[in-house]
Amino acid sequence: MKKDFSILVGGAAGEGSRKAGLMIAKLFSNLGYRIFIYDDYQSLIRGGHSFSQIRASNKKILTHRKKIDFLLALDETTIRKHQADLDKKGVIIYNSDKISIKNENAIGIATETIVKKADGVSIMGNTAFIAGFAKIIGINWKILEKLFKKEFKKSKGVNLKIAKKAFNDTKNLIKIKKLNQKSLPVLTGNEALSLGAVKAGLDFYIAYPMTPATGILHYLAARKEDFGIAVAQLENEVGIVNAAIGASYTGARTMVGTSGGGFALMVEGLSLAAQSEIPLVIVESQRMSPATGVPTYSGQGDLLFALTAGHGDILRFVIAPGDADEACFWAGKILNLSWKYQTPSILLIDKEISESTFSFDENILNKIKYEKPLVWNKDGQYLRYKDTKNGISPLAFPGEKNVISKANSYEHDEFGITVEDEKSTEKMQNKRLRKFKEMKKEVNKLEAIKIYGNKYAKKAIIVWGSTKGPAKEAAEKLGIKMIQPIILEPFPKKQMKEALRGVNKLILLETNALGQMEKVLNCYGIKIDRKILKYNAKPFLPEEIEKKLSKF
């Protein structure tokens, strides 16, 4: 019995292909399947071509594949663009009111006619498509009806009427059976990341809308009362980073979200947070750039920028999760780390993680907890920058009794008063460097690197971020080792050395044009033998990785 299905739903922007894709994914999820949805859309409000590719499997998946089993075409463009990827036994489901196809594996649904008779609006054609598809694959009407009632708060009656008519008018072709495993919720990476941060004690989220990080803002704003947090949208990223620093200074665990262009505007604030030792988490969700680049597509071109942004000697954590589960866990962990070491930190993801939809393991949340930072014990005079053995100074906040908490962008003494003499300057720099040594020790305690595939293979691939998904499938199929560094600063040199034990051929995979991770690895004496780079704004597919690796 087939246990891995690929469905593509496509149409013009504004026709609702994304919502249709999510509904279909939830149908499969209700049957126990594990889900991944890749959403592809242009930077347009209407027109162009958008599609969602849903993959449903009996095992955990983190990527889509090239071949399609079912092609749901809201317009003719979708057929023209994707028919070549249809499996030999694949089925096309199309709007027969608009499109005429001579294909024995094509099924027409008169969506416009059905919608018109139900007094619906044109976008409700999606409802007819979903219902017709459900009938084709053998989904019970009661399951479909339950989903529609849950998903449609407005115009529920009309949508159900349309769905019922399309369901009854369509023939069943196959019966996809329910799997004997628990149904998991489906979340985007942005949503999972938000949950992790909230679980670790997030108090305040601030952002300016910038694809692909905007989903974090929308998700948290819609649930701020449930989560007990504050959410704000400010006028630009300069205002955001400074407001966030101010909020953290007063004791609020604060996170901001942006993409490369927005992060560029935050860099001076990053330096301020580092010098004044104020905790701050920046979510940097990469898109294809530089400049505005390809704003709704993905890339991994901001790695070196994230590692080196800011002027002067800056201490930071840079962490790059590879899927929604990891985004959830590491969002919580980086918030705790940032407050423990009183330093700015960057959670580096990309569009492929932010906006793709995954089956989410809720048990991840049980691994995240609020970790209390070092706070002042109220003994003696409070020194904001107390010169401690490990470089971490006790925290106290404005408004506390007997506390004068000074945050200074200038070099300063332990109290926070500006200094310029050599001795004091070197003393405070050494204090921060001791803190960095502690950060390195912390990294050694964490699972900073993951290994997949054949752990004893002599050929290995190194990937980071969202490239994990397709590379993992390729590595497992080819029987080679896959190494995924997650913490990139401080770099887990010891763990990487252990991961590379026995490897005699090392291949790097990244979605950027310069092989930026190679430059990072070279800093630690690690030599790359070959690079496989992709920089056309689209993510890797397992099949293309397999093909390229077979040549080495």
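Everything numeric in this text was worked out from a predicted model, so none of it was measured. Starting afresh in each chain, residues are numbered from 1 along the sequence in its written order. Where local features are concerned, this predicted model is filtered to residues with pLDDT of at least 70; where side-chain atom pairs are given and counted, the filter is 80 or more; whole-chain, interface and lining totals use all residues. The side-chain values count all of the structure's non-hydrogen atoms but skip hydrogen atoms and water molecules.

1. Concerning the overall build of the protein chain
By the criteria applied, helices consist of DSSP H or I runs no shorter than four residues and strands consist of E runs no shorter than two, each listed in order from the N terminus. Along the protein chain, the regular secondary structure elements total 19 helices and 20 strands. Each radius of gyration is computed over the set of C-alpha atoms, and the globule rule expresses the reference value as 2.2 Å times the number of residues to the power 0.38. Computed over C-alpha atoms, the radius of gyration of the protein chain comes to 26 Å, within 12% of the 24 Å expected from 2.2 N^0.38 for 552 residues, which places it in the range of a compact globule. Expressed along its principal axes, the backbone C-alpha trace of the protein chain runs to roughly 85 × 55 × 45 Å. The buried label goes to any residue with under 20% of its type's maximum accessible area, the exposed label to any with over 50%, and the partly exposed label to all in between, with areas taken from a 1.4 Å probe on protein chains only. Considering the protein chain as a whole, with its 552 residues, one finds that 58% of them fall into the buried category. The contact definition used throughout considers only heavy atoms, calling two residues in contact when any of these lie within 4.5 Å. For the protein chain, restricting intrachain contacts to residue pairs at least 6 apart in sequence, the fraction spanning at least 24 positions comes to 71%. Surface exposure here means Shrake-Rupley accessible area, sampled with a 1.4 Å probe, where a residue is shielded only by the protein chains that are shown. Surface accessibility of the protein chain: about 23,800 Å² in total, with carbon and sulfur atoms responsible for 51%. Think of it this way: Lys and Arg go in the positive column, Asp and Glu in the negative one, and His and the chain ends go nowhere. Every charge is mapped to an atom, namely NZ of Lys, CZ of Arg, CG of Asp or CD of Glu. In the protein chain, the 87 positive side-chain charges and the 59 negative ones have mean positions that sit 7 Å from each other.

2. Points about the nonpolar core
Ranked by size, the top nonpolar core spans 68 residues in total, and within it L193, L202, Y205, L220, M255, I319 and L347 carry the most contacts. If one sorts the elements of this core by residue count, helix α13 (residues 324-341) sits on top with 10 residues. Ignoring anything within four residues of it in the chain, the contact list for M255 reads L193, A197, L202, F204, Y205, I206, I216, V281 and V283. Throughout, nonpolar core names a set of buried Ala, Val, Leu, Ile, Met, Phe, Trp, Tyr and Cys residues whose side chains join them through atoms within 4.5 Å. Core analysis: the second largest hydrophobic core is formed by 48 residues, I93, I109, F152 and I176 among them.

3. Regarding helix α15 (residues 422-445)
The end-to-end C-alpha distance of α15 is 35 Å, a good match for the 34 Å that 24 residues give at a rise of 1.5 Å each. Buried residues belonging to α15 abut α11 (260-275), β12 (317-319), α13, β18 (487-489) and α17 (493-499). To estimate how far a helix should reach, multiply one less than its number of residues by 1.5 Å.

4. Quick notes on the pattern of salt bridges
One speaks of a salt bridge when a side-chain nitrogen belonging to Lys or Arg is within 4 Å of a carboxyl oxygen belonging to Asp or Glu. Applying the stated criterion to the full structure yields 33 salt bridges. The salt bridge partner of R501 is E498, with a shortest N-O separation of 2.8 Å. Classification of E498 as partly exposed rests on a relative accessible area of 47%. Put simply, D4, R55, R65, E473, K477, E543 and E546 are held in one network by salt bridges that share partners.

5. Quick notes on the packing of aromatic side chains
Stacked, tilted and edge-to-face pairs are distinguished by plane angle, under 30 degrees for stacked and over 60 for edge-to-face with tilted covering the rest, among Phe, Tyr and Trp rings (Trp via its six-membered ring) whose centres lie within 6.5 Å. The full count for this structure, using the stated rule, is 16 aromatic pairs. Between the aromatic rings of F5 and F28, the centroid separation amounts to 5.9 Å while the plane-to-plane angle is 40°, which identifies the pairing as tilted. Of this pair, F5 sits in strand β1 (residues 4-13) while F28 sits in helix α1 (residues 17-30), and the two are 23 residues apart along the sequence. An aromatic cluster of three or more residues is present, and its members are F5, F28, Y33, F70 and F133. By definition, being over a ring means that NZ of Lys or CZ of Arg is both within 6 Å of the ring centre and within 35 degrees of the ring normal. If you follow K19 out to its NZ or CZ, it ends over the ring of F152, 5.7 Å from the centre.

6. What to know about the packing of helix α10 (residues 237-249) against α11
Helix axes are fitted only over the stretch in contact, all axes being lines through C-alpha atoms; the angle between N-to-C directions runs from 0 to 180 degrees. At their nearest, the axes of α10 and α11 sit 8 Å apart, and the two run at 30° to each other. In terms of axis orientation, α10 runs roughly parallel to α11. The handedness of the crossing between α10 and α11 is right-handed. Facing E237, V238, I240, V241, N242 and I245 of α10, the residues of α11 in contact are G262, L265, M266, G269, L270, L272 and A273. Nonpolar residues are Ala, Val, Leu, Ile, Met, Phe, Trp, Tyr, Cys and Pro. Charged residues are Asp, Glu, Lys and Arg, and all others, Gly as well, are polar. Considered class by class, the residues forming the contact of α10 with α11 number 9 nonpolar, 3 polar and 1 charged. Put simply, angles under 35 degrees are roughly parallel, angles over 145 are roughly antiparallel, angles from 65 to 115 are roughly perpendicular, and the rest are oblique. Crossing handedness is defined as follows: a turn of the near helix away from the far one that is anticlockwise and smaller than a right angle gives a left-handed crossing, while the clockwise case is right-handed.

7. Topic: the sheet that holds strand β9 (residues 230-233)
Ordered in space as β9-β8-β10-β11-β13-β12-β18, the 7 strands form an open sheet in which the pairing is mixed. At either end of the open sheet lies a strand with only one pairing partner, and these are β9 and β18. The mean inter-strand angle of the sheet, taken between neighbouring strand axes irrespective of direction, is 20°. By this definition, two strands are paired if DSSP reports at least two bridges between them. Summarising the sheet, strand β10 (residues 254-258) and strand β11 (residues 280-286) pair through 4 bridges and their orientation is parallel. Each residue of the ladder has a partner; that of M255, found in β11, is V281. Those strands touched by helix α8 (residues 214-222) are β8 (204-207), β9, β10 and β11, and its axis lies near 135° from that of β9. In the packing of α13 onto the sheet, the strands contacted are β10, β11, β12, β13 (344-350) and β18, and the crossing angle to β13 comes to about 160°.

8. Some thoughts on the environment of T111
Looking at where T111 falls in the secondary structure, it is placed in helix α3 (residues 111-117). Take T111: its relative accessible area is 4%, and that puts it in the buried class. Separated by 43 residues in sequence, T111 and I68 have C-alpha atoms that sit 22 Å apart. Counted as a polar contact is a pair of N or O atoms within 3.5 Å, where, for protein atoms, one must be capable of donating a hydrogen and the other of accepting one, and residues adjacent in sequence contribute only when both atoms are in side chains. A polar contact of 3.0 Å, which involves the side chain of T111, links it to the side chain of N95.

9. Remarks on the side chain of Q300
Structurally, the position occupied by Q300 is in the loop between β11 and α12 (303-308). Residue contacts for Q300: discarding those within four places in its chain leaves Q286, D350, W464, G465, S466, T467, E510, T511, N512 and Q516.

10. Thoughts on a positive patch on the surface
Only residues whose relative accessible area exceeds 30% and that form no salt bridge are eligible for patches; like-charged ones are grouped when within 9 Å, while nonpolar side chains (Val, Leu, Ile, Met, Phe, Trp, Tyr) are grouped when within 5 Å. Taken together, the side chains of K146, K150, K153 and K156 define a basic patch exposed on the protein surface. With respect to the secondary-structure elements, K150 resides in helix α5 (residues 141-151). The exposure class assigned to K150 is exposed, which follows from its relative accessible area of 60%.

11. Here's the deal with the sheet that holds strand β17 (residues 481-485)
With mixed pairing, 5 strands are arranged side by side in an open sheet as β15-β17-β16-β19-β20. Strand pairing shows two members of the sheet lacking a second neighbour, β15 (449-453) and β20 (530-533), which therefore form its edges. Going across the sheet, the axis of each strand differs from the next one's by a mean of 25°, ignoring polarity. Bridge analysis of strand β19 (residues 505-510) against β20 gives 4 bridges, and the strand direction is parallel. The partner of L509 across the bridge, within β20, is I532. Along the sheet, helix α16 (residues 468-478) contacts β15, β16 (459-462) and β17; its crossing angle with β17, the most-contacted strand, is approximately 160°.

12. Here we look at the packing of α1 against helix α4 (residues 125-136)
One can describe the packing of α1 onto α4 by two numbers: an axis separation of 10 Å at closest approach and a directional angle of 25°. Between α1 and α4, the angle falls in the class roughly parallel. Crossing angle aside, the handedness with which α1 passes α4 is right-handed. Contacts between α1 and α4 involve S17, A20, M23, I24, L27 and F28 from the former and N126, I130, F133 and A134 from the latter. Of the residues that constitute the contact of α1 with α4, the class distribution is 8 nonpolar, 2 polar and no charged.

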